[in-house]
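# Per-entry structural report
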Amino acid sequence: MVHIVGAGPGDPELITVKGVKYLKEADVVIYAGSLVNPALLEYCKEGAAIHNSAHMTLDEVVETIEKAEAEGKMTVRLHTGDPAIYGAIQEQMDAFSKRGIEYDVTPGVSSFLATAAALRQEYTLPGISQTVIITRNEGRTPVPDREKLRSLASHQATMCIFLSITMLDKVVQELLAGGYTEDTPIAIVQKASWPEQKIVRGTLQTICEDIKDQNIDRTAMIVVGHCLGAEYELSRLYASEFTHMFRKASK
Ligand code: SAH
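Residues numbered from 1 in each chain as written. Predicted model: local features only at pLDDT ≥ 70, side-chain atom pairs only at ≥ 80, totals over all residues. Heavy atoms only, no water.

### Considering the state of the cysteines
The full count for this structure, using the stated rule, is 0 disulfides. In this structure cysteine 160 is a free cysteine whose sulfur lies 8.0 Å from that of cysteine 227, the closest cysteine sulfur available. (Disulfide = S-S within 2.5 Å.)

### Topic: the pattern of salt bridges
In total, this model carries 9 salt bridges according to the counting rule given. Salt-bridge contacts for lysine 45 lead to aspartate 27; the nearest nitrogen and oxygen are separated by 2.8 Å. Placement of the pair is lysine 45 in the loop between strand E2 (28-31) and strand E3 (49-52) and aspartate 27 in the loop between helix H1 (17-25) and E2, with a sequence separation of 18 residues. Look at lysine 45 and you get partly exposed, because its relative accessible area is 35%. Aspartate 27 sits in the partly exposed class, given a relative accessible area of 24%. Of the charged contacts in the structure, one is a salt bridge between lysine 73 and glutamate 71, with a shortest N-O distance of 2.9 Å. What makes lysine 73 partly exposed here is its relative accessible area of 34%. Overall, the relative accessible area of 41% leaves glutamate 71 in the partly exposed class. Here the salt bridges share partners, and the residues they tie into one network are Lys67, Glu71 and Lys73. (Salt bridge = Lys/Arg side-chain N within 4 Å of Asp/Glu carboxyl O. Helix = DSSP H or I, 4+ residues; strand = E, 2+ residues; numbered from the N terminus. Buried < 20%, exposed > 50% of the residue type's maximum accessible area, 1.4 Å probe, protein only.)

### Quick notes on the sheet that holds strand E1 (residues 2-6)
Across the sheet, which stays open at both edges, the 5 strands sit in the order E3-E2-E4-E1-E5 with parallel pairing between neighbours. Unpaired on one side and paired on the other, E3 and strand E5 (103-106) mark the two borders of the sheet. For this sheet, the mean angle separating the axes of adjacent strands, direction not counted, is 20 degrees. With 4 bridges connecting them, E2 and strand E4 (residues 75-79) associate as parallel partners. Residue pairing across strands places tyrosine 31 opposite leucine 78, the latter belonging to E4. Contacting E1, E2, E4 and E5, H1 runs over the sheet at an angle of about 135 degrees to E5. Strand contacts of helix H3 (residues 90-98): E1, E4 and E5, with the helix running at about 155 degrees to E5, the strand carrying the most contacts. (Pairing = 2+ DSSP bridges. Axes fitted to C-alpha atoms, helices over the stretch in contact; angles between N-to-C directions. Contact = heavy atoms within 4.5 Å.)

### Regarding a nonpolar patch on the surface
Among the surface-exposed residues, Tyr86, Ile134 and Leu163 lie close enough to one another that they form a single nonpolar patch of about 250 Å² accessible area. Among the secondary structure elements, tyrosine 86 is positioned in the loop between E4 and H3. (Patch = residues over 30% accessible without salt bridge, like charges linked within 9 Å, V, L, I, M, F, W, Y side chains within 5 Å. Areas by Shrake-Rupley, 256 points an atom, 1.4 Å probe, with all protein chains shown as cover.)

### Some words on the site of the ligand
As a matter of local geometry, the ligand sits amid 19 residues, with Ile85, Ser110, Ser111, Ala192 and Ala220 nearest to it. In this structure, an oxygen atom belonging to the ligand sits 3.1 Å away from a main-chain N or O atom of leucine 163. Within the backbone of arginine 218, an N or O atom sits 3.2 Å from an oxygen atom of the ligand. Lining the shell around the ligand are residues from two domains, each supplying at least three of them: domain 1 (2-106) and domain 2 (111-224). (Near = heavy atom within 4 Å. Polar contact = N/O pair within 3.5 Å; in protein donor to acceptor, adjacent residues only side chain to side chain. Domains from an automatic or database assignment.)

### Section: helix H6 (residues 168-177)
Those residues of H6 that fall on the buried side of the exposure criterion are Leu168, Val171, Val172, Glu174 and Leu175. For H6, the arc enclosing every buried residue in end-on projection is 165 degrees, short of the 170-degree limit, so these residues lie on one face. Exposed side of H6, more than 90 degrees from the buried face: Asp169 and Gln173 are the residues found there. Buried residues along H6 sit against helix H5 (149-153), strand E7 (158-162), strand E8 (185-190), helix H7 (207-210) and strand E10 (220-224). Just downstream of H6 lies glycine 179, where phi reads positive at about 125 degrees. (Arc of directions from axis to C-beta.)

### As for the packing of aromatic side chains
With the rule as written, the count across this model stands at 4 aromatic pairs. Between the aromatic rings of tyrosine 86 and phenylalanine 162, the centroid separation amounts to 5.2 Å while the plane-to-plane angle is 55 degrees, which identifies the pairing as tilted. With tyrosine 86 in the loop between E4 and H3 and phenylalanine 162 in strand E7, this pair connects stretches of sequence that are 76 residues apart. The class of tyrosine 86 is partly exposed, set by a relative accessible area of 39%. Members of the aromatic cluster, connected to one another through ring pairs, are Tyr86, Phe112, Tyr123 and Phe162. Taking the ring centre of tyrosine 86 as reference, the NZ or CZ of arginine 136 above it sits at 5.9 Å. A cation sits over an aromatic face here: lysine 191 above tryptophan 194, 3.8 Å from the ring centre. (Phe/Tyr/Trp six-rings, centres within 6.5 Å; stacked < 30°, edge-to-face > 60°. Lys NZ or Arg CZ within 6 Å of the ring centre and 35° of its normal.)

As structure tokens, this is what we get:
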């Protein structure tokens, strides 16, 4: 059996209880070494075989798991954040199905949510935006034309942009071309939930300057939208005149 597990954004306490349970039981662990906090490997039992997938091809990952299966061992495939977001797990799951290897998926706290926590920010503010767009700028992986940053920006929703910090200039250009104004707030969070977490806030006009000399590398999230520092309306959920399933209106 293979358990695909979301490791969370970095803080070893932000993995699920179920994820830790599987890590403790695993005979073989294959972790995404470029992003998963190695501190999580301390949950593994003594003698577990631990592989860093940063040095492996898809075939090597699948072969390692196939061998473990043949020996009746249990494998954890540990992915950063939540495995469903830019986790490249579909091709692995399809390879498992093809070989008759049983697997399941345990979700994790995605980095865009750890970023909201770091910023102490709600993404869905009434009267500002009720939509969060998870996207990326085009890199080696192409992005379909209809999903280009420029066209997504036209919605003026809250946007969480993954995998794009090294192309921040291009991101800003596209967001402006899509209709965001230069004074739109933007925040960069590097290594959200890690001890070395770093936050830089600015506007679309200032951010490229603001992050200069800040040593911001690949592990960073870009959040843009009017929710950052906005004047918003109060939520209906806690409004005193609003009745819902669990509470009657008091006025
Ligand atoms: N599955 C992961 C994303 C993997 S793609 C998830 O759900 O979070 C890798 C990208 O995620 C990085 O380029 C960066 O944009 C973002 N990322 C991962 N961990 C992060 C963290 N701790 N803080 C900020 N961004 C992070």
